[in-house]
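Survey of secondary and tertiary structure
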Amino acid sequence: MDHVQADAYLRRIGAERPAWPTAEVLRDLQLRHLRTVPFENLSIHLGEEIVLEEERLLNKVVDARRGGFCYELNGAFGALLAELGYEVTLLAARVYGEGERLGIPYDHLALRVRSVDGGEWLVDVGFGANSHLPLAFGERTEQVDPAGTFRVAEAAADAAGVRGDASGADLDVVRDGRPQYRLEMRPRVLGDFVSGVWWHTTSPVSHFTRSLVCSRVTEDGGRITLSGRRFTVTGADGVKEGSDLATDDKVLETYRERFGIVLDRVPVVKAFSPGEVGKGSG
């Protein structure tokens, strides 16, 4: 990412170029990103190719003013932070599912970020409902955030008896007492996550192929979400109000007015069959 691209990205999220890459600036950038760039999986159901290359991610998030899921959002945001002077490391994670079972390798991408004032932070703008502010990476006690109470804890051994590798023990990210995902400490590059993108965009058991989601944080700390035709407003207090959108025009208007996404057609969940696995674009 060059200086011009970074300035365009900052305009996208309503931020000015900071004088120094400090922890305070990082908190502001993450919150602005969550409020302006939606977490969404629309590309999967619109037949759009998802390519894990920095230029392609910037074209989508900045130029096309779209959102994306974890690989796209954290991949793009990590590139911005690096251009601004932060030390950024990409980390792989496995997401906890039903029964607290861990998902596939490269299930999720998160960022380990070091600021110029010596702080080290877990930054994640691509996990749907997650912390609004960076979490102190080395802190093992509870961290209170507008989205809940979080803890970054050293993980127990997994089902195979593994607790990490030479890079360090795995870490569990816990929200309100429930584990969200397990981080590996080995540094990764963007291309390492191609297999995760392939699985999540082609597997009939991936929740991304089975549903539509478009969601962002609101100014008051709540959240708005459009899942297919169901529009839900969640207040900062957790109270939800939902309504069904009756027409295609209303759906497109909601994408445009509430998420800043301009579409020429309404995305519809594609029917995936086991025989299609392997035909996706990485």
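Shown above is the structure to which this text applies.
The structure contained in this document is the topic of the report that follows. All chains use their own residue numbering, which begins from 1 and follows the written sequence. Given that this is a predicted model, residues contribute local features only at a pLDDT of at least 70 and side-chain atom pairs are listed and counted only at 80 or more, while totals for whole chains, interfaces and linings are drawn from all residues. The side-chain numbers reported here are obtained from all heavy atoms of the structure, hydrogens and water having been left aside.

Let's talk about the sheet that holds strand E15 (residues 240-244)
Paired strands are those between which DSSP finds at least two bridges. Comment: elements are numbered from the N terminus, with helices defined as DSSP H or I runs of at least four residues and strands as E runs of at least two. Taken in spatial order, the five strands of this open sheet run E1-E12-E13-E14-E15, and their pairing is antiparallel. Strands with a single pairing partner mark the edges of an open sheet, and in this sheet they are strand E1 (39-40) and E15. Bridge analysis of strand E14 (residues 230-234) against E15 gives five bridges, and the strand direction is antiparallel. Bridged to Phe231 within E15 is Ser243.

Looking at the packing of aromatic side chains
Aromatic contacts are taken between Phe, Tyr and Trp rings whose centres are within 6.5 Å, Trp giving its six-membered ring; a plane angle under 30 degrees counts as stacked, one over 60 as edge-to-face, and the others as tilted. With the rule as written, the count across this model stands at seven aromatic pairs. Ring centres of Tyr71 and Phe193 lie 6.0 Å apart, and the angle between their planes is 50°; this geometry places the pair in the tilted category. Taken together, the residues span a long stretch of sequence, with Tyr71 in helix H5 (residues 70-83) and Phe193 in the loop between strand E11 (178-183) and helix H6 (194-202) at a distance of 122 residues. Residue Tyr71 shares its accessibility class with Phe193, and that shared class is buried. Ring geometry for Phe231 against Phe259: centres 6.5 Å apart, planes inclined by 80°, an arrangement best described as edge-to-face. In this pair, Phe231 is assigned in strand E14 and Phe259 in helix H8 (residues 248-259), connecting sequence segments 28 residues apart. Neither residue differs from the other here; Phe231 and Phe259 are each classed as buried. Aromatic rings pair up to connect Phe39, Phe69, Tyr71, Tyr106, Phe193 and Phe208 into one cluster. Type-normalised accessible area, obtained with a 1.4 Å probe on protein chains alone, sets the label of each residue: buried when under 20%, exposed when over 50%, and partly exposed for intermediate values.

Re the side chain of Asn130
The topology assignment puts Asn130 in the loop between strand E4 (120-123) and strand E5 (135-136). The exposure class assigned to Asn130 is buried, which follows from its relative accessible area of 4%. By definition, residues are in contact when any of their heavy atoms lie within 4.5 Å. Leaving out residues up to four positions away in the same chain, Asn130 has contacts with Asp124, Ala147, Phe150, Tyr181 and Arg223.

Some remarks on unusual backbone geometry
Phi angles above zero are rare outside glycine, and Tyr106 is one such case at about 60°. As for its placement among the helices and strands, Tyr106 is situated in the loop between strand E2 (87-95) and strand E3 (108-114).

Brief notes about the nonpolar core
Among the buried residues, those of types Ala, Val, Leu, Ile, Met, Phe, Trp, Tyr and Cys that are joined through side-chain atoms within 4.5 Å form a nonpolar core. One finds Tyr9, Leu29, Phe77 and Leu81 to be the most contacted residues of the largest nonpolar core, which totals 43 residues. With seven residues, the single largest contributor to this core is H5. Leaving out residues up to four positions away in the same chain, Phe77 has contacts with Tyr9, Leu29, Gln30, His33, Leu111, Val123 and Val125.

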